[in-house]
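Coordinate analysis (summary)
Residues per chain are reported as follows:
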Amino acid sequence: EVQVVESGGDLVQAGGSLRLSCAASGFTFDNYTIAWFRQAPGKEREGVSCIRTSDGSTSYADSVKGRFTISSDNAKKTIFLQMDSLKPEDTAVYYCAADPKPWLCPGFLILPPFFVSWGQGTQVTVSS
């Protein structure tokens, strides 16, 4: 019943911007940790950013800090990932994930085994 669905992936040139969306349903949205992961071909899935919807606290991977911004529209049950100054190494399938544990985001414990609900992924390709 818990569902998250990503959208917004596209092909962009280096230096460009994209905004990804994650629409949620089937759970109490304002008491969850929601995170973005990404997985490039041949590499492990890695955490990118997270937000705790109860208080709006956020964390980021060092590789995207200063370039990506996560936000939440609790009324619409949607989170966004604004990606600016994109680099070719940002190319990956981006996944939205949700979990009720409140302690994940402050310490950036954004690891796949901790998240129970996953979206289908959306492709982001950054050309040089």
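The present account deals with the structure reproduced in this document. Owing to the predicted nature of the structure, the values given are computational and were not obtained by experimental measurement. (Residues numbered from 1 in each chain as written. Predicted model: local features only at pLDDT ≥ 70, side-chain atom pairs only at ≥ 80, totals over all residues. Heavy atoms only, no water.)

1. Here's the deal with the overall build of the chain
Put simply, the rule is: Helix and strand definitions follow DSSP, with helices as H or I runs of at least four residues and strands as E runs of at least two, each counted in order from the N terminus. The atom set for the radius of gyration is the C-alpha atoms, and the globule formula is 2.2 Å times the number of residues raised to the power 0.38. Only protein chains enter the accessibility calculation, which uses a 1.4 Å probe; a residue whose area is less than 20% of its type maximum is buried, one above 50% is exposed, and one in between is partly exposed. Accessibility throughout is a Shrake-Rupley quantity obtained with a 1.4 Å probe, and a residue counts as covered only by protein chains that appear here.
In terms of regular secondary structure, the chain is built from 0 helices and 11 strands. In the chain, the succession of α and β elements from N to C terminus is β-β-β-β-β-β-β-β-β-β-β. Here the chain has a C-alpha radius of gyration of 13 Å; the compact-globule value for 128 residues is 14 Å, and the two agree. Taking the principal axes of its C-alpha atoms as reference, the chain extends roughly 40 × 25 × 25 Å. Across the 128 residues in the chain, those meeting the buried criterion constitute 43%. For the chain, the accessible surface area stands at approximately 6,300 Å², while carbon and sulfur atoms represent 50% of it.

2. A few points about the pattern of salt bridges
To keep things clear, this is the line we draw: We count a salt bridge whenever a side-chain nitrogen from Lys or Arg sits within 4 Å of a carboxyl oxygen from Asp or Glu.
What the rule picks out here adds up to 6 salt bridges. Across the salt bridge formed by Arg38 and Glu46, the nearest N and O atoms sit 2.9 Å from each other. You can call Glu46 partly exposed: its relative accessible area is 37%. Asp55 is the salt-bridge partner of Arg52, the closest N and O atoms lying 2.7 Å from each other. On the basis of relative accessibility, which here comes to 19%, the residue Arg52 falls in the buried class. Owing to a relative accessible area of 47%, Asp55 belongs among the partly exposed residues under this scheme. Within this structure, Arg38, Glu46, Arg67 and Asp90 form a network of salt bridges that share partners.

3. Comments concerning unusual backbone geometry
Phi angles above zero are rare outside glycine, and Ser85 is one such case at about 50°. Topologically, Ser85 is positioned in the loop between strand S8 (78-83) and strand S9 (92-99). Given the relative accessible area of 41%, Ser85 is considered partly exposed. Within the chain, Phe108 stands out as a residue other than glycine whose phi angle is a positive 50°.

4. Some words on the sheet that holds strand S7 (residues 68-73)
One key point about sheets: their strands pair by backbone hydrogen bonds, in either a parallel or an antiparallel sense. To keep things clear, this is the line we draw: Being paired, for any two strands, means DSSP has found at least two bridges between them. Structural elements are reduced to axes, namely lines fitted to C-alpha atoms, with helices fitted over the stretch in contact, and the angle between N-to-C directions of any two is expressed from 0 to 180 degrees.
The antiparallel open sheet is built from 4 strands, whose spatial order is S1-S3-S8-S7. At either margin of the open sheet sits one strand with a lone partner, and together these are strand S1 (3-7) and S7. Geometrically, the sheet is characterised by an average inter-axis angle of 15° between neighbouring strands, direction not taken into account. The pairing of S1 with strand S3 (residues 18-25) spans 5 bridges and is classified as antiparallel. Each residue of the ladder has a partner; that of Val4, found in S3, is Ala24.

5. Comments concerning the state of the cysteines
What is meant by a disulfide is a covalent connection between two cysteines, made through their sulfur atoms. Rules: The term disulfide is used for any two cysteine sulfur atoms that are within 2.5 Å.
Here the structure, examined in full by the defined rule, presents 2 disulfides. A disulfide bridge connects Cys22 with Cys96, and the sulfur atoms are separated by 2.0 Å. An S-S torsion of about -75° defines the bridge between Cys22 and Cys96 as left-handed. With Cys22 in strand S3 and Cys96 in strand S9, this residue pair connects regions lying 74 residues apart in the sequence. Looking at Cys22, the relative accessible area reads 1%, which means it is buried. By relative accessible area, Cys96 is classed as buried at 0%.

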